[in-house]
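Commentary on secondary and tertiary structure
Here is what each chain is made of, one letter per residue.
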There are 2 protein chains.
Amino acid sequence: MDRRNFHLFQPLTYQVATGALSPGEIAYPLRAILKRHRRARVLLAEVSDIDVDRRELQLRSVDGLPAPPSLGYDTLIVSGGSQYSYFGHDEWSEHAAEVKSLESALTVRGRILGAFEAAEMERDRARRAPWLTFVVVGAGPTGVEMAGQIAELARHTLRGEFRSIDPRNGRILLVEAADRVLTSFPESLSRRAATSLERLGVTLLLGRTVVSVDRDGVTVQDHDGATERIASRNVVWAAGVTASSLAAKLGSLTGAACDRAGRVLVEPDLTLPERPDVFALGDMVQVRGSDGQTVALPGTAPVAIQQGRYAAKVVRDRLRGRSTPSFRYRDKGNLATIGRASAVADLRGLKLSGLLAWLIWLVVHLWYLVGFQNRVLVFIRWSFSYFNHGRGARLITGEPGGE
Amino acid sequence: MDRRNFHLFQPLTYQVATGALSPGEIAYPLRAILKRHRRARVLLAEVSDIDVDRRELQLRSVDGLPAPPSLGYDTLIVSGGSQYSYFGHDEWSEHAAEVKSLESALTVRGRILGAFEAAEMERDRARRAPWLTFVVVGAGPTGVEMAGQIAELARHTLRGEFRSIDPRNGRILLVEAADRVLTSFPESLSRRAATSLERLGVTLLLGRTVVSVDRDGVTVQDHDGATERIASRNVVWAAGVTASSLAAKLGSLTGAACDRAGRVLVEPDLTLPERPDVFALGDMVQVRGSDGQTVALPGTAPVAIQQGRYAAKVVRDRLRGRSTPSFRYRDKGNLATIGRASAVADLRGLKLSGLLAWLIWLVVHLWYLVGFQNRVLVFIRWSFSYFNHGRGARLITGEPGGE
């Protein structure tokens, strides 16, 4: 059951937002994935409520499609994921789109490309500058990737395409509340990433929190409380994540605790307390270890994939009358890319950066991309852009251009 | 000057509408095309008015971008193209989208795929049927291609992906006012195309005009005035074309005549009467021959391409003080595809159909696609779908699903 008819490979949506890839290349129809599993059924609908006692889902139709009012289950696996949170300022989202959903990534793509178009047409220098100032909020992997990609777009891809402006004069600012980028990585790799970003022309504003966002820019505040105003028509949001609202719902239904990020605390076997028939997994959960302590797990795809496999195994084991040991995350490492031939990799203590890390990043992302055809297409897109800095998918479509 | 930042290869938008290709694969950024032509400038704006005496364009901004209020010219070349016309019933467009623009093609894609989803969820047989009934209005090349693609989608691509319905039971109806499909082709090829369509499972409703379209279906009327109601939640419009409103504007400014389809009549050198500094070309014009008679030219890409080259040559010749002979269209032939390995080709009297015609269609369309990368990507998509009937770009995005 999903609201959308496709699986989206979220680690690459930022590449759609910067015109490097097309939506169809990182998304794959759910029905095509599950075609051969004759007992798997795909339904397009939204879960509006869960009745854990009667084991029933209440459904809401999406996109004008008819939907059955309810659906019974024996075992329920909920993996609603997470979304960006605007620290209680949802009104900021209008001016600071995120790049997690495909639609939002397309909006960002239209805004970034539209900003250069606007600058080309704006004759007033003072009014031109905010169009060429790009602010990325949050220096986690997505924020770093976005800043790097916008820098490459401005410095290389668009070079020579304008007549009134030089896109290389674009300013790219990366705002981060912590004192370093990529806080989930060891400090040495953060430093390498920071150097790579600066070499690409990204200005780092570390130790700053965003206190306001509006149509004309952002205001940031440092540790001492001093504020600074940045005039910008392009703010991209990549900070702060909040769990799907299904987590809170499961918490209230079952008495499971929820943390500040809205994640529900599940048992060591990923089920809800005293509800062995309800699993929750992925970005929307925290896992209680066998010792009672919460296990610190990153909100990444590898965790969700392993949890998905684990939940399926528990169901199979139960049907066979076997028990399953608690979920254990096998950390295969942490990757983030900064730009062309530049990435950092923390592989169980082995720290890599530069070209080698980037090649590993490339292979891993191609490997996990769903659909052989998509792998071939993305590989070709990447090969072209490696050699000529080109970005083929630079279309302004839909509701673009800013306000 | 264009409203959009990309060149769209319109002959393939119908493949976007049926999930065979991604938008980015048939569109190419204008700036990238003209990058190396240092004296060419691209501006994103809409022409709101033309002052032919003062040689000035009045501009309107698009997508919230700033735009200069006006722009002077020495020579103006207008090629505004055409759009589908709903025979004075613009209200039909809400329920019968066309596939000429990229956005509209994406809307159609969402509706076609959404219809199968709706049918899968609809338990009531009577209410399910209209979701699985697809009506294509107009049996020109686009209508034939759409009907063929929907049939392949239903019969092959989606086969085995649903559990409550069999997509192969979908009905695809092709409505045409004339007594044969592809009226721009010789009769023998129309017959071959009709046979191919019927083999794919398309029902031809020839000699029928559409008299109404609403959310629940269409009403068609035959030559004897008898009407028939077809319950359908999926109507695709591919009938009747009207020239860009710029044609009427040029007509009223210069006294040039416009025909019923809104096309302005231009001189043998593609300029407007007594306005040698204003060219008009493409789908929005009719050309007066040297003998004073109107030359019958199809509204196709080859005509527009040759006219574009011709206008450029006239401008160059003038700068060199040379005169240019009148425009002459070199008809290289006419191609239309019906489905996999099936097409018709009328090449200066040489009539081909089947696999050979399809291979010619394939090569020609790859050849004219702008951007080497796009050619490679489209070739790969087509190769995959030839062998496994797959369609990689089957996403329901934006405002999909019908009403």
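Residues numbered from 1 in each chain as written. Chains lettered and ligands numbered in written order. Predicted model: local features only at pLDDT ≥ 70, side-chain atom pairs only at ≥ 80, totals over all residues. Heavy atoms only, no water.

**A short note on the overall build of chain A**
- In terms of helices and strands, chain A carries 11 helices and 24 strands.
- Across its three principal directions, the C-alpha atoms of chain A cover 70 × 45 × 40 Å.
- Counting the 403 residues in chain A, one finds 52% classified as buried.
- Contacts spanning at least 24 positions in sequence make up 58% of the contacts within chain A whose residues lie at least 6 apart.
- When the 52 basic and 43 acidic side-chain charges of chain A are each reduced to a single mean position, those positions are 8 Å apart. (Helix = DSSP H or I, 4+ residues; strand = E, 2+ residues; numbered from the N terminus. Buried < 20%, exposed > 50% of the residue type's maximum accessible area, 1.4 Å probe, protein only. Contact = heavy atoms within 4.5 Å. Lys, Arg positive; Asp, Glu negative; His and termini not counted. Charge placed at Lys NZ, Arg CZ, Asp CG, Glu CD.)

**Section: a nonpolar patch on the surface**
Residue and element names in this part refer to chain A.
- Taken together, the side chains of Ile305, Trp367 and Tyr368 define a hydrophobic patch exposed on the protein surface, amounting to about 320 Å² of accessible area.
- Note that Tyr368 resides in helix H10 (residues 355–368).
- Residue Tyr368 is classed as partly exposed on the basis of its relative accessible area, which comes to 35%. (Patch = residues over 30% accessible without salt bridge, like charges linked within 9 Å, V, L, I, M, F, W, Y side chains within 5 Å. Areas by Shrake-Rupley, 256 points an atom, 1.4 Å probe, with all protein chains shown as cover. Salt bridge = Lys/Arg side-chain N within 4 Å of Asp/Glu carboxyl O.)

**Overview of the interface of chain B and chain A**
- Opposite the 62 residues of chain B that make contact, chain A presents 63 residues.
- When residues of chain B are sorted by the area they lose upon contact with chain A, Arg31, Met121 and Arg163 of chain B head the list and together hold 15% of the total.
- Our enumeration of links across chain B and chain A arrives at four salt bridges.
- Glu117 of chain B is the partner of Arg31 of chain A in a salt bridge, and the nearest nitrogen-oxygen pair spans 2.5 Å.
- Linking chain B to chain A there are 29 residue pairs in polar contact (both at pLDDT 80 or more).
- Breaking the side of chain B that touches chain A down by element, the ones donating at least two residues are helix H2 (23–26), strand S2 (27–29), helix H3 (30–34), helix H4 (102–121), helix H6 (141–157) and helix H11 (372–388) of chain B.
- When the residues that make up the side of chain B that touches chain A are grouped by side-chain class, the tally is 28 nonpolar, 16 polar and 18 charged. (Buried area = accessible area lost by both parts, 1.4 Å probe. Polar contact = N/O pair within 3.5 Å; in protein donor to acceptor, adjacent residues only side chain to side chain. Nonpolar A, V, L, I, M, F, W, Y, C, P; charged D, E, K, R; others polar.)

**Examining the sheet that holds strand S15 (residues 234–237) of chain B**
All names here are of chain B.
- Taking strand neighbours across the sheet as the criterion, the five strands line up as S8-S15-S9-S10-S11 in an open arrangement whose pairing is parallel. Because the sheet does not close on itself, it has two edges, and the strands there are strand S8 (96–98) and strand S11 (202–206). Taken over all neighbouring pairs, the strand axes of this sheet differ in orientation by 25 degrees on average, direction set aside.
- Where H6 meets the sheet, its contacts fall on strand S9 (133–137), strand S10 (171–176), S11 and S15, and the angle it forms with S10 comes to roughly 175 degrees. (Pairing = 2+ DSSP bridges. Axes fitted to C-alpha atoms, helices over the stretch in contact; angles between N-to-C directions.)

**Thoughts on helix H7 (residues 187–200) of chain A**
Residues and elements named next belong to chain A.
- End to end, H7 covers 20 Å across 14 residues, agreeing with the expected 20 Å (1.5 Å per residue, within 8%).
- What H7 keeps buried is the set Leu189, Ser190, Ala193, Ala194, Ser196, Leu197 and Leu200. Seen from one end, H7 has its buried residues packed into an arc of 165 degrees, which puts them on one side. For H7, exposure combined with an orientation more than 90 degrees from the buried face picks out Glu187, Arg191, Glu198 and Arg199.
- Next to the buried residues of H7 lie helix H6 (141–157), strand S10 (171–176), strand S11 (202–206), strand S22 (334–339), strand S23 (342–347) and strand S24 (350–353). (Expected span 1.5 Å × (residues − 1). Arc of directions from axis to C-beta.)

**Overview of the relation of the copies chain B and chain A**
- For the pair chain B and chain A, the best superposition has an RMSD of 0.0 Å and corresponds to a rotation of 180 degrees with a translation of 0.0 Å parallel to the axis. The transformation just described matches what one would write down for a two-fold rotation axis.
- The overlap is high: 100% of the interface residues of chain B also sit at the interface in chain A, so the same surface is used on both sides. (Least-squares fit on C-alpha atoms with pLDDT ≥ 70 in both.)

**Let's talk about helix H9 (residues 301–319) of chain B**
Residues and elements named next belong to chain B.
- For H9, with 19 residues, the first-to-last C-alpha span of 27 Å sits near the 27 Å given by 1.5 Å per residue.
- Every buried residue belonging to H9 is among Val303, Gln306, Gln307, Tyr310, Ala311, Val314 and Asp317, and all of these are buried. For H9, the angular spread of buried residues about the axis comes to 140 degrees, placing them on one side. Away from its buried face by more than 90 degrees, H9 exposes Arg309 and Leu319.
- At its buried positions, H9 is contacted by strand S6 (76–78), strand S19 (275–280) and strand S20 (285–288).

**Focus on the sheet that holds strand S18 (residues 271–272) of chain B**
Residue and element names in this part refer to chain B.
- Here three strands make up an open sheet; going across it, the order is S6-S19-S18 and the pairing mixed. At either margin of the open sheet sits one strand with a lone partner, and together these are S6 and S18.
- Bridge count between S6 and S19: three bridges; the pairing is parallel. Following the sheet pairing, Val78 is matched in S19 by Ala280.
- Lying over the sheet, helix H8 (residues 245–254) contacts S6, S18 and S19, oriented at roughly 165 degrees with respect to S19.
- H9 contacts S6, S18 and S19 of the sheet and is inclined by roughly 155 degrees relative to S19.

**Points about the packing of aromatic side chains**
- Scanning all chains against the criterion turns up 18 aromatic pairs over all chains.
- Site record: aromatic cluster; members linked through ring pairs are Tyr86, Phe87, Trp92 and Trp237 of chain A.
- The ring of Tyr386 of chain A has Arg340 of chain A lying over it, and the distance from NZ or CZ to the ring centre is 4.5 Å.
- Its guanidinium or amino end placed over the ring of Tyr84 of chain B, Lys100 of chain B lies 5.6 Å from that ring's centre, counting from NZ or CZ. (Phe/Tyr/Trp six-rings, centres within 6.5 Å; stacked < 30°, edge-to-face > 60°. Lys NZ or Arg CZ within 6 Å of the ring centre and 35° of its normal.)

**Let's talk about the environment of Ala311 of chain B**
Residue and element names in this part refer to chain B.
- You can see Ala311 is positioned in helix H9.
- A sequence separation of 234 residues divides Ala311 from Ile77, and the C-alpha atoms of the two residues are 7.8 Å apart.
- Setting aside its immediate chain neighbours within four residues, Ala311 contacts Ile77, Phe279 and Leu281.

The values reported here are purely geometric and, on their own, carry no functional implication.
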